[in-house]
Structure formats: C-alpha cells, structure tokens
Amino acid sequence: MRVILLERVRNLGNMGEEVTVKDGFGRNYLLPKSKALRATEANKELFAKKKAEYEIKNSDKKTVAEKQVEALRGFVLEIVAAAQTNGKLYGSITVRDLAHQLHDKKQDIQRAHIIMPKPITETGVYSIRILPHPEVSTDITVVVGSTQEELNVLQKGTSEEEETQKEVEISIEQNEKKSKTKKTEEVESVETD
C-alpha cells in the first residue's frame, strides 16, 4: 500500500513523503490515527493544498512535546517492588506500570510514548527513553528497589558513579591540555634551535 505521511513516523519517513507500507500497518495504524493518507491522485492534491495546515498541526504537537520533555529533564522515578534477595522481581515492570507511575506523579505521558526494549525484571537503575513526538525525546531514570532504603542506596551509587565519571572526564581534559602545551613547547624549542 502506498501512503503519504502526514507527520514524521519513526523508522518510516518524514511528513509529505510517499512510502510503501504493508496493508495491515496502513489500514490498522497509519490511516485510523491520521498519520497518513492513501497515495491517490486526489489525496496528493489534497495534501499539496493542506500542507501548511499539516505543518502547523505538527509544529503545535512538537511544542507540546517539548514542554513535556522539559518537565521530565532530570526526572527520577522511584518504584518499590517485591523482589527476591538476589534482586529478581516477583513479576516485572512494564510500559503500562511506568505510565501509571508517571501519571501518579502528575506527568502526562502516554504508554505509546515510553520506549522500553524489554520489561524490568531486576532491581537497579534504568534509563528509559520517553518519545512524546517523533522529533523530541528525553531519558528518565527509573530506580527499582525492594525497599525505600534500597532505593536510596541505588540512587546514591548512581550519583557517586556520575561524580566519578565527571572527575575522570576532567582529568582526561587536563592531561590533554598538558600534552598540548608540552608539544607546543617542544615545537617552539625546535624552531628556536
């Protein structure tokens, strides 16, 4: 099936592009959600006439998504879940659970906006991608523990790792600056000889 995209669709194309998709994907997802039009001559003309209108709609959606992303910057979601002593959860934490937890924290994120390769099955610290618009995304930190004390320890460990990483980056930069100054001094001494 040939369709004209009315907005950017991840892994498919940008607005206005004519692409070929499987019939089921077009009929069951793209067309009902108004993400595409069938690529007929009448629809091509319609798209050409309404292109500016579609661009404005897309821009408005992007602006709303940018506000959502700004509210989520540095956001840490803590989840207490029943777990065994080895850290394995009794069950798993899925996209639905994360969406529910975010909603409880007054964040308006839909399940479809949460990109999670697989469910969380162990305690720990996870980085989860939030994609409210195909052109706007951010990562949130999800900390999963069996008790509030474990959550505090996990978060403390994460902040210490970040501080250690920053210290390593700073020392690398300082070493690079030292090596550059040594090289310039060597070049200057060779030039004066």
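What you see is a predicted model; the values in this text were computed from it and never measured.

### Focus: the packing of aromatic side chains
Aromatic rings in a pair are described by how distant their centres are and how their planes are angled relative to each other. Tallied over the full model, the rule gives two aromatic pairs. On the numbers, 5.4 Å between centres and 20° between planes, the contact of Phe25 with Tyr29 is stacked. Here the residue Phe25 and the residue Tyr29 both occupy positions in helix H1 (residues 23–30), the gap between them amounting to four residues, near one helical turn. Since its relative accessible area comes to 35%, Phe25 is described here as partly exposed. An angle of 15° between the planes, with centres 5.7 Å apart, marks the rings of Phe47 and Tyr54 as stacked. Judged on exposure class, the residue Phe47 and its partner Tyr54 are both buried.

### What about the pattern of salt bridges?
Pairing between side chains of opposite charge can happen when the charged atoms of each approach one another. Following the criterion strictly, the structure yields nine salt bridges and no others. Taking the shortest distance from any N to any O, the salt bridge between Glu18 and Arg2 comes out at 3.3 Å. Taken together, the residues Glu18 in strand E2 (residues 18–20) and Arg2 in strand E1 (residues 2–5) connect sequence positions 16 residues apart. We classify Glu18 as partly exposed; its relative accessible area is 34%. Residues joined by salt bridges that share partners form a network here, namely Arg2, Glu18, Glu41 and Lys44.

### Concerning the sheet that holds strand E6 (residues 114–115)
Pairing is mixed across the open sheet formed by four strands, whose spatial order is E4-E9-E8-E6. Edge positions in the sheet fall to strand E4 (76–80) and E6, since each of these pairs with one other strand and no more. Bridge count between E4 and strand E9 (residues 136–145): five bridges; the pairing is parallel. Each residue of the ladder has a partner; that of Leu77, found in E9, is Val142. Contacts from helix H3 (residues 95–104) reach E4, E6, strand E8 (124–133) and E9 within the one sheet, and its direction differs from that of E4 by about 115°.

The rules behind the values
- Residues numbered from 1 in each chain as written.
- Predicted model: local features only at pLDDT ≥ 70, side-chain atom pairs only at ≥ 80, totals over all residues.
- Heavy atoms only, no water.
- Phe/Tyr/Trp six-rings, centres within 6.5 Å; stacked < 30°, edge-to-face > 60°.
- Helix = DSSP H or I, 4+ residues; strand = E, 2+ residues; numbered from the N terminus.
- Buried < 20%, exposed > 50% of the residue type's maximum accessible area, 1.4 Å probe, protein only.
- Salt bridge = Lys/Arg side-chain N within 4 Å of Asp/Glu carboxyl O.
- Pairing = 2+ DSSP bridges.
- Contact = heavy atoms within 4.5 Å.
- Axes fitted to C-alpha atoms, helices over the stretch in contact; angles between N-to-C directions.

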